[in-house]
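Geometric and topological summary
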Amino acid sequence: HPSGTVTLGIAGKYIELQDAYRSVIESVRIAAAHEGLAVDIRWLQADGPLETEDAAGLLAGLDGILVPGGFGHRGIEGKILAIRHAREHGIPFLGLCLGMQTAVIEFARHVAGLSGANSSEFDPGSPYPVIDLLPEQKLVEGKGGTMRLGAYPCKLAPGSLAESLYGTDLISERHRHRFEVNNALLERPTERGLRVSGTSPDARLVEIIELSDHPFFIASQFHPEFKSRPGKPHPLFSGLIRAMARSASRPRIETGEPAIAEEVLA
C-alpha cells in the first residue's frame, strides 16, 4: 500500500534485456517499499536517443537518475549526458561502478575544464585519462587477471554524505571491475568540488565520490546492489529514494514524451 510514487530514470545500454539490471531493479524496489513508496522506472537507452535526440525532453519529469554498471564504450556519451543533466538540474543521482567512472569523466570535462577527459578503456589516446588501469595491471597479459573482484574494505570521510548514509566510517562492499580512478589527475576535479568520500584504507583506490553542493549526488566503484536484501535495503538506495521523495515535491521541468519504455514497480 504505497503512499506515493517516485519516477526514476535508469540510463543503461542493456535495457532490451532488463534482467541484466535485475539486482539494481530489486534493490530500488526494496528501498522504495521500505520508505512506503512505489517506483515508476523510466528506461533510458544510453546508446541511442540519449546521444542523438533532445536529452532534456527525454530526461524531463524525473525525480532521480541512476547510471548502472557495464563494460565497453557503447552508450558512454549518453550516460555522461544523463549525469550532466542530473548534476546541473539538482536531480538526485546514484552511479554504480561504470556509473561512478562516467560521473568522474563528466565532472572532469564540464567542471574541471579537462577537455577530452575520458577512460583509457574508451579512448586510449585521451589527453586526460581520469579513469585508467593501475600501473601493475598494465603488466598483466591475461585480461581476467586485471579484474578487482569480491569484497574490499572502504574508509569513509568524516562528515560526508556517504558516512551519514552508512552511519559508520568503515564498510565492506563487493566489486567487479577493471579500471580505476586515476589519482594523478584528481587534483583539479577535487579543487572544483568533486569530493572523494570513500577510499581503500590506504587511500590508494577511490571507492565513492560525491558533490557537496548538490541535493543528492553520489556514486560508488563497487556494486551496492549485491548486498541489498528484502527487509534490509542498502543505504545508498535508501538515500536515493528519500532524496527522490523530496525531489518529487518540487516543481518539475515540463515533461516531454516518455523515454523508451516504462515499468511500474509497486
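Parameters and conventions
- Residues numbered from 1 in each chain as written.
- Predicted model: local features only at pLDDT ≥ 70, side-chain atom pairs only at ≥ 80, totals over all residues.
- Heavy atoms only, no water.
- Helix = DSSP H or I, 4+ residues; strand = E, 2+ residues; numbered from the N terminus.
- Buried < 20%, exposed > 50% of the residue type's maximum accessible area, 1.4 Å probe, protein only.
- Contact = heavy atoms within 4.5 Å.
- Areas by Shrake-Rupley, 256 points an atom, 1.4 Å probe, with all protein chains shown as cover.
- Pairing = 2+ DSSP bridges.
- Axes fitted to C-alpha atoms, helices over the stretch in contact; angles between N-to-C directions.
- Phe/Tyr/Trp six-rings, centres within 6.5 Å; stacked < 30°, edge-to-face > 60°.

1. Let's talk about the overall build of the chain
The helix and strand tally for the chain stands at eight helices and 13 strands. With 266 residues in all, the chain has 56% of them scored as buried. Considering only residue pairs separated by 6 or more positions, the chain has 71% of its internal contacts joining residues 24 or more positions apart. As displayed, the chain has an accessible area near 11400 Å², and 52% of this comes from carbon and sulfur atoms.

2. Let's talk about the sheet that holds strand β5 (residues 118-119)
Overall, mixed pairing links the three strands, which are arranged β5-β6-β9 in an open sheet. Both outer strands of the open sheet, β5 and β9 (180-181), are each paired with one neighbouring strand and no more. Bridge count for β5 against strand β6 (residues 129-132) is two bridges, and the pairing is parallel. Among the inter-strand pairings, S119 is bridged to a residue of β6, identified as I131. The strands touched by helix α5 (residues 98-110) are β5, β6 and β9; relative to β6, the strand with the most contacts, the crossing angle is about 170°.

3. Points about the packing of aromatic side chains
Scanning the entire structure with this criterion turns up three aromatic pairs. Between Y21 and W43, the ring centres sit 6.0 Å apart and the planes meet at 25°, which makes this aromatic pair stacked. Here the residue Y21 occupies a position in the loop between β1 (4-12) and α1 (22-34), and W43 occupies one in strand β2 (residues 37-45), the gap between them amounting to 22 residues. Considered together, Y21 and W43 belong to a single accessibility category, that of buried residues.

All quantities given are derived from atomic positions and should not be read as evidence of function.
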